[in-house]
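Listed below are the residues making up each chain.
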Amino acid sequence: MPKREYLGEFEQLVVLALLRLGANAYGMTVRRELEQTAKRPVTLGAVYATLDRLEEKGLVSSWHTDPDPSRGGHPRRYFKVEPAGEQALATSREMMQRMWDGVALGDVGEAAS
Amino acid sequence: MRPPSLADWLLILLAPRRIRDAVLGDLREEYSRYAVAERGPTRARLWYWKQVLGVLSHYRSPLRVLAPWAHECVARQTGLLARALAAGAVALRLSRGSLRRDRAFAAVAVLMLAVGIGSGATAFTLVRGVLVQSLPYENPERLVEVGGRLPGVLGRDVAASPPEYRDYLLRATSLEDLAATLSLGATAIHRGRAVPVQAVLTTPNLFSLLGVSPAMGRDFETGDASGAVGDVAIISYDAWLEFFSGEPRALGRTLRVDGDQVTVIGVMGRDFRHPGASEERPVQLWMPMSVAEGTPLDRRGARVLTALGRIRDGSSLSDTRAQLGGVARELQRSHPEYYPPNSGWDVVAIPLTRVVVGAARATLLLFAGAAGLVLLVACAVVANLLVSRGARSLRSGERGRRTAGLLVAGEGFVLAAAGAVLALPLAWLGTELTTHAAAGEVPRLAGVHFDDVAVWYTAGASLLVLVACAVAPVARLLVAERSRIPRCGTAAPWPSRDRLHNALAGGPLAAALILCIAAGLMARSLQRLADVHPGFESDGVLTLKSRLPVPNDPRTGRYFEPGRRIAFFDRALEEMRAIPNVVAAGVVSHLPMRERNGWTFGIVGAECRPREGLPTLEFRVASPSYFEVMRIGLLRGRHLAESDDRRNRYVVTVNQALVARHFPDRDPIGQRLVLGGPDGRVAEIVGVVEDVRDSSLDADPRPTAYASYRQNVGAEMTFVLRTGTRPEESIAAAAADALGRVDDDVPVFAVEAMRDVVTRTLAQRRLLTRLLALLGALAVVLSGAGVRSAVAAAVEEECGVGGAHSAPVPDARRGRLATALRYGMRIAIPGVGMGMLGAAGGAGLLARSWPEIGWLDPVVYGAGAGLFFGVAIAAALVSVSAGPRHGGADLVGQLASP
């Protein structure tokens, strides 16, 4: 049985962004999705470093398009979540859920949520 | 808009290949699609840099690129390079420790260098953007303004009349083409409202000569100017937005300008600027005109045109100048009545960049020189501080010669590198602040931004600073160490005592003194000028301009008849006098200090004295009440009167300067002048009025003649209203309403308090004074810090750490104080001496642009010397009162302690 993968908090955000974006997931859109939906300012470098790490673990895969003149002749690198990636995300969520069970926060938590 | 190319270049060089292309594409896409629109151009560039640095920090910092190779070399310890790298690594390690221990010193030194590099980079950016960067036209280096120069005539340096323009076009074969333009105000009717517009009449070849074409529509064609002025127009991008709300269908639509229906045939691009037009009054409308023979202005004396030429490929500026010189001499022979011998007549070609930049050139170059001095001061002070630190660690026996040298080099390297990094935001801020503050005073400044080239400059300057801070102190330290005679218990002749060291410590003082004296001289001359009486009372006077419409065929205009123009101004003055709080109202054709109108003239019955050249005067048309509003006094005879109208003889009043020059021993009253060339009107002098400084506070009044508007009325006049209310502008709306009641098709514009008109004439001077004062203050702080550290080092060396030998405490303190003052003076005397000499040289340069500056003003030199002796004494006292820190540590560090 393969080792169960857990995702760090930022990795979870990146994988979720890929799933939300579907076929339109590439560096720029992922970065903007994190910034706009998760309200987390993030640099493109952090996004690519995380995606590279996830790809090395076989959790996501990527492929390049043809050079695009509207991008100064540079290609897009699209990303897709692999089944192992979805599994890892689910495992991470379950783990967090188990930890959250029975935890009640005061006003701070309510206000923050 | 392109992203910063330097950032792209860094990414290409340093990012791993597998992500490089995708990252570049993502950044490009987001930058052009979202970042500029969401953040604005400047913040978008910063955002781009942040993203690029973010990518590099995640993947590959430059240090990580270099590290494996450097480590290998160091590990092997072979060869010169390996030794050098090993030494560098040791130096960095040592300096990291020592600077961490002494963070205050590090912070102050970094700040000093950052301020020095940053002010240099700011000056570089401004000079490059305004003086060096080419104008946005095709091959701008080949564009020239061509014109006749007749000293004293017209308000500009050079100008051309239609016959002269045709002469230049025909005879100057080194010019590929020559366009003539005439700037004027006009009135457009937009949504039923009269709007003043800045217009340019031009020969149809202007845009093709500049090598630009309209962004929309077509350029002028020769047939467009078949009459004197064509009924088509090309409008600016802003005018397109204002009058047609940016609609593409504007082409072919008409605009009512000065009573004519004008068809829009083209719209210029957003960034196009008419050569030489001010940012405050950009040209909004171009209309084609003909300057062929027989057109209305076709008189040799009507020098109202600006001629722009393009030098032919293969010809040079000097060829053109030589040819034009020949044209000038020919004209002098063929038309001696217009160009008398010795009149100073010449035809010149001035590079367009010079014309556009004008007097701001001197201001910017002086600012750049001053910023360079601040950079030198910062480098010298930090280098001296480093030498002192190295010397102290050597003397205390804490470190050997080699280690001390390495420590100093490492510290210099780290400080210079950190200073360079901090200098970037400072330089960006300095550039933004200066361009915002002075955009109205320096042409082209509004378009200057801190860009990639400025970053490269900063990097280059930082390399020099690196040499100054890392290499020079080591050399100095080692030379000094070699000549040292160690004698325990005696005062060793350590660097702080030798003359060279004193001179080095005094150098920054001298440079700072030069800046302070230059700022002081400028400030004193400003103060003197503030006390100069302009010849009128500007306080409480509001000025506003208005212009009667003049159609292309003036005969069809409502105000073609002089009687109707006079009636308009009569009624307008009546309405304005009825405004509450308006004490008096007048009208004048050319407002002093804003507009000039040089004319040639002759004296009836006087012998022509050709050696004296052409007599010239400023000619102004005014209402009799103008003198009451401006409080210009009468000296002899009488003022212009309401009865001086078209039925009576033509009369003028003249000023004292005209009398002094042309009637020194005769009564001017009753004399007759021929105004405006040999065929001009004859006017009799009826009175002499006080002089008025007509061009600026720092220029002498020129001979002037005033005629009544009832005898010679134009279309464009400025109303002057004396009011008891402040600010004067508060009555502007009422004045505009009053004019609207007379005719709402006549717009009011250029509303300004007279006080502001006067103040603006000194804008360049005030700008330079402020910049010099700011840099001078920085230099004083830096050099004071340098003196304090040098004195502290000397005291520590001579009296020992804390002076706590066997001597009782008060005696030790007195001894330290005496030593400090002695060394302070040893540094200050040569420093102030060098500074005085340097300042005299620098002030000589200033006097080239501002001759009346009083460049040997003893008060300023005395005050400067006093200030710097004061700084030296204060620095000496502070160095003693602060005392050394525990363990004989760093005196210098306390410099930064609050």
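Residues numbered from 1 in each chain as written. Chains lettered and ligands numbered in written order. Predicted model: local features only at pLDDT ≥ 70, side-chain atom pairs only at ≥ 80, totals over all residues. Heavy atoms only, no water.

Asker: Before we go on, may I ask you to explain the overall build of chain B in this structure?
Answerer: Assigned secondary structure in chain B consists of 24 helices and 21 strands. Sorting the 898 residues of chain B into buried and exposed places 52% on the buried side. The contacts in chain B between residues at least 6 apart in sequence include a share of 79% that link residues at least 24 apart. For chain B, the computed accessible surface area is about 38,800 Å², with 57% contributed by carbon and sulfur atoms. (Helix = DSSP H or I, 4+ residues; strand = E, 2+ residues; numbered from the N terminus. Buried < 20%, exposed > 50% of the residue type's maximum accessible area, 1.4 Å probe, protein only. Contact = heavy atoms within 4.5 Å. Areas by Shrake-Rupley, 256 points an atom, 1.4 Å probe, with all protein chains shown as cover.)

Asker: So what exactly am I meant to see when it comes to the packing of aromatic side chains here?
Answerer: In this description, an aromatic ring pair is defined by two values, namely the gap between the centres and the angle between the planes. Under the counting rule described, the total for this entry stands at 19 aromatic pairs over all chains. Each ring, one from W63(A) and one from Y78(A), has its centre 6.1 Å from the other, and the planes form 25°; the classification is stacked. You can see W63(A) sitting in strand 1 (residues 60-64) and its partner Y78(A) sitting in strand 2 (residues 77-81), a full 15 residues away along the chain. Since its relative accessible area comes to 14%, Y78(A) is described here as buried. Relative to Y706(B), the ring of Y626(B) has its centre 6.4 Å away and its plane inclined at 40°; by these criteria the two rings are tilted. In this pair, Y626(B) sits in helix 17 (residues 624-630) while Y706(B) sits in strand 19 (residues 704-708), placing the two residues 80 residues apart along the sequence. (Phe/Tyr/Trp six-rings, centres within 6.5 Å; stacked < 30°, edge-to-face > 60°.)

Asker: Whenever I open this one, unusual backbone geometry confuses me. Can you help?
Answerer: Glycine aside, negative phi is the norm for most residues, and most peptide bonds take the trans geometry. Residue and element names in this part refer to chain B. Look at the link from R726 to P727: it is a cis peptide, with omega at -5°. Take P727: it is sitting in the loop between strand 20 (716-723) and helix 19 (732-742). Phi angles above zero are rare outside glycine, and N139 is one such case at about 40°. With respect to the helices and strands, N139 occurs in the loop between helix 6 (103-132) and strand 1 (143-149). In this structure, M593 is a non-glycine residue whose phi angle is positive, near 70°. Relative to the elements of secondary structure, M593 occurs in the loop between strand 12 (582-588) and strand 13 (598-603).

Asker: Explanation requested: the nonpolar core in the structure shown.
Answerer: All names here are of chain B. In terms of nonpolar packing, the biggest core is built from 96 residues, with V130, V382, L415, V465, L772, V791 and F868 touching the most fellow members. Every element with two or more residues in this core is listed here: helix 6, helix 12 (360-395), helix 13 (401-438), helix 14 (452-482), helix 15 (499-530), helix 21 (763-799), helix 22 (809-849) and helix 23 (858-882). Setting aside anything within four residues of it in sequence, one finds V465 in contact with L113, I117, L375, C379 and A416. (Core = buried A, V, L, I, M, F, W, Y, C linked by side-chain atoms within 4.5 Å.)

Asker: What is the right way to read the interface of chain A and chain B from this model?
Answerer: It is common to give the size of an interface as the accessible area lost on bringing the parts into contact. Of the residues lining the interface, 21 residues belong to chain A; the matching set on chain B comes to 23 residues. Taken together, the two surfaces of chain A and chain B that pack against each other cover about 1,900 Å², and 52% of this comes from carbon and sulfur. Across the pair R71(A) and D26(B) runs a salt bridge whose closest N-O atoms are separated by 3.0 Å. Counting residues per element, the ones that place at least two in the side of chain A that touches chain B are helix 2 (27-36) and helix 3 (44-56) of chain A. Residue contributions to the side of chain A that touches chain B peak at 6 residues, all from helix 3 of chain A. Its residues assigned to classes, the side of chain A that touches chain B shows 8 nonpolar, 6 polar and 7 charged. (Buried area = accessible area lost by both parts, 1.4 Å probe. Salt bridge = Lys/Arg side-chain N within 4 Å of Asp/Glu carboxyl O. Nonpolar A, V, L, I, M, F, W, Y, C, P; charged D, E, K, R; others polar.)

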